[in-house]
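As a plain string of letters, each chain reads:
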Amino acid sequence: SDPLSLSLDLLRRLPPSNISANLDRLVSLCPQLADDLYSSVDQPLRVRVDRSAAGKGREYLACDYNRDGDSWRSPWSNEYDPPLSDGTRPSRELRELEVAMGGAMDVYRQLYYDTGLASVYLWDLDDGAFAGVVLFKKALEAGSEGASGSATPAMGTQGSWDSLHVFETTPDRSNRTASYKLTSTVMLTLAKRNKAAMPEGSSDAPLQQQFELAGSLTRQAESDAPIQPPSASAPSRYSLSHIANLGRLIEDVESKMRNQIVDVYFGKTKDVLGMLRSKESLEVQRREQQLRDEMRGMW
């Protein structure tokens, strides 16, 4: 009878590829659940543009972790869009670490994804600890056969990869070792649309054939690693060692998730489709089965 539980249960039964639209519809019906729903449901990352003077029109990724009300904080300018004077921002030292980590993760994005976007957001916790999220998004656009903005979906293969890595960092009292807790979520969507072949001479409009795969995978990991304590050359209490430690942890977890998706989920899907449809004719299969039966009878 709890509206939040019922809403989450409904979203789990709806197509994952339409999660954002369905979530917005639920929020419009139950606006009092907006904060709980947005914080409980993972949805594909949205791309926004920072049009401030410091942002220079650069794109960034928006999610619930850089949202405050109806505004989103840009990693380029540290400003909210739409403007929000009292929005949550990291401290000065943590903001410096955020900028440095953003540059490092953009290099990671170039090495693993070639194209796409990467964004990093950090926020302060108590006792010198901090948390943050690293976001990656890569989209594959279908080849457009129609005019842009047409109501007809573009033909071809399209899809998107959205990964969110939420972490919490807690240094020890000596500030020489830190504990990292990471929760990684990957959302993958693939769709292929083709025009079905029509009989020669047919005046009917070609039908559209569509195949779609969508889903998400979540994994958790923990790690302890040494950090460089503050010094005269690096007086900040947030060591740059956190970037290397978190980078290795994210790389390891994301690589395992990528391999699992390819080997397990796609492999299983191929096996199921192979059982549903065979390229060989029924006559060929009948002869092969007959030959197997004869060979078994010889033994």
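Residue numbering note: each chain is counted from 1, following its sequence as written. With pLDDT at 70 or above as the cut-off, local features in this predicted model cover only qualifying residues; side-chain atom pairs require 80 or more to be listed or tallied, and sums for whole chains, interfaces and linings still use all residues. Based on all heavy atoms of the structure, the side-chain values leave hydrogens and waters out of the count.

- An unreviewed UniProt entry annotates the protein chain as F-actin-capping protein subunit beta originating from Jaminaea rosea.
- Among the UniProt annotations of the protein chain, the heading Sequence similarities (unreviewed entry) holds the following wording: "Belongs to the F-actin-capping protein beta subunit family." UniProt positions are given in the numbering used here, feature names are shortened, and annotations may be inferred rather than shown by experiment.

Examining the overall build of the protein chain
- Scanning the protein chain for helices and strands turns up six helices and 10 strands.
- For each residue, the accessible area found with a 1.4 Å probe, counting protein chains only, is set against the maximum for its type, and the residue is called buried under 20%, exposed over 50%, and partly exposed in between. The buried share of the protein chain, reckoned over its 299 residues, is 35%.
- Look at the contacts in the protein chain between residues 6 or more apart in sequence, and 55% of them connect residues 24 or more apart.
- All accessible-area figures derive from a Shrake-Rupley calculation using a 1.4 Å probe, and residue coverage is judged against the displayed protein chains alone. Carbon and sulfur atoms make up 53% of the accessible area of the protein chain, which amounts to about 18500 Å² in all. Going along the chain from the N terminus, every DSSP run of H or I of four or more residues is numbered as a helix, and every run of E of two or more is numbered as a strand. Residues are treated as being in contact if the distance between any of their heavy atoms lies within 4.5 Å.

Here's the deal with helix α2 (residues 19–29)
- The set of residues buried in α2 consists of I19, S20, N22, L23, L26 and V27. Projected onto a plane normal to the axis of α2, the buried residues spread over an arc of 165 degrees and lie on a single side. Counted as exposed and oriented over 90 degrees from the buried face of α2: R25, S28 and L29.
- Contacts from the buried residues of α2 go to α1 (3–13), α3 (34–40) and β1 (46–50). Note that the arc is defined by the directions from the helix axis to the C-beta atoms.

Focus: the pairing of strand β6 (residues 117–124)
- Where burial is concerned, most of β6 is hidden: six out of the eight residues are buried.
- Summarising the sheet, β6 and strand β7 (residues 130–140) pair through eight bridges and their orientation is antiparallel. Residue pairing in the sheet places L122 in a bridge with G132 of β7.
- The turn joining β6 and β7, which pair antiparallel and follow one another in sequence, is formed by five residues; a positive phi near 60 degrees is taken by D127. Two strands make a pair as long as DSSP finds a minimum of two bridges between them.

Details of the packing of aromatic side chains
- Working definition: a ring pair exists when centres of Phe, Tyr or Trp rings (six-membered ring for Trp) sit within 6.5 Å. Plane angles under 30 degrees give stacked, over 60 give edge-to-face, the rest tilted. In the structure shown here, the tally under the stated rule is seven aromatic pairs.
- Residues Y113 and F136 carry aromatic rings whose centres are separated by 5.6 Å and whose planes lie at 25 degrees to one another, so their mutual orientation is stacked. Of this pair, Y113 sits in helix α4 (residues 92–113) while F136 sits in strand β7, and the two are 23 residues apart along the sequence.
- Residue classification places Y113 among the buried positions, given a relative accessible area of 8%.
- On the accessibility criterion, F136 (0% relative accessible area) is buried.
- Following the ring pairs from residue to residue traces out a cluster consisting of Y108, Y112, Y113, F136 and W161.

Notes on the pattern of salt bridges
- One side-chain nitrogen of Lys or Arg within 4 Å of one carboxyl oxygen of Asp or Glu is enough to make a salt bridge. Evaluated as defined, the whole model comprises 17 salt bridges.
- Where R12 meets D9, a salt bridge forms, and the shortest distance between an N and an O atom there is 3.7 Å. With R12 and D9 both in helix α1, this residue pair falls three residues apart, about one helical turn.
- Residue R12 is classed as exposed on the basis of its relative accessible area, which comes to 63%.
- Among the residues examined, D9 registers a relative accessible area of 27% and is labelled partly exposed.
- Between R73 and E98 there is a salt bridge, with the nearest N and O atoms lying 2.8 Å from each other. Placement of R73 in strand β4 (residues 71–73) and of E98 in helix α4 is noted, with a sequence separation of 25 residues between them. As far as burial versus exposure is concerned, R73 and E98 are alike and both buried.
- Residues joined by salt bridges that share partners form a network here, namely D9, R12 and R13.

Quick word on the environment of A191
- Structurally, the position occupied by A191 is in strand β9 (residues 177–195).
- Counting along the chain gives 19 residues from A191 to Q210, while the straight-line C-alpha distance between them is 7.1 Å.
- Contacts of A191, omitting those with residues within four sequence positions, involve G156, T157, Q158, F211 and E212.

Quick word on the sheet that holds β4
- Read across the sheet, three strands follow the order β3-β4-β5 without closing on themselves; strand pairing throughout is antiparallel. In this open sheet, the two strands that pair with only one neighbour each are β3 (67–68) and β5 (80–81).
- Examined bridge by bridge, β3 and β4 share two bridges and lie antiparallel to one another. In the strand pairing of β4, R67 is matched with W72.

Examining the packing of α4 against helix α5 (residues 241–276)
- Angles here are taken between N-to-C directions and fall from 0 to 180 degrees, while the axes themselves are lines fitted to C-alpha atoms, restricted in helices to the stretch in contact. With their axes 11 Å apart at the nearest point, α4 and α5 run at an angle of 35 degrees to one another. Once α4 is placed against α5, the crossing between them reads as right-handed. Together, L97, A100, M101, A104, M105, Y108, Y112 and Y113 of α4 and I243, L246, G247, I250, E251, E254, S255 and R258 of α5 make up the contact between the two elements.
- Of the residues that constitute the contact of α4 with α5, the class distribution is 11 nonpolar, two polar and three charged. We call a crossing left-handed when the near helix sits turned anticlockwise from the far one by less than a right angle, and right-handed when that turn is clockwise. Asp, Glu, Lys and Arg are counted as charged, while Ala, Val, Leu, Ile, Met, Phe, Trp, Tyr, Cys and Pro are counted as nonpolar; the rest, among them Gly, fall into the polar class.

Structural notes on α1
- When we look at burial in α1, the residues that qualify are L4, S7 and L11. The buried residues of α1 all sit within an arc of 65 degrees when viewed along its axis, so they share a single face. Residues of α1 that are exposed and point more than 90 degrees away from the buried face comprise L6, R12 and R13.
- In this structure, the buried side of α1 is in contact with α2 and α3.

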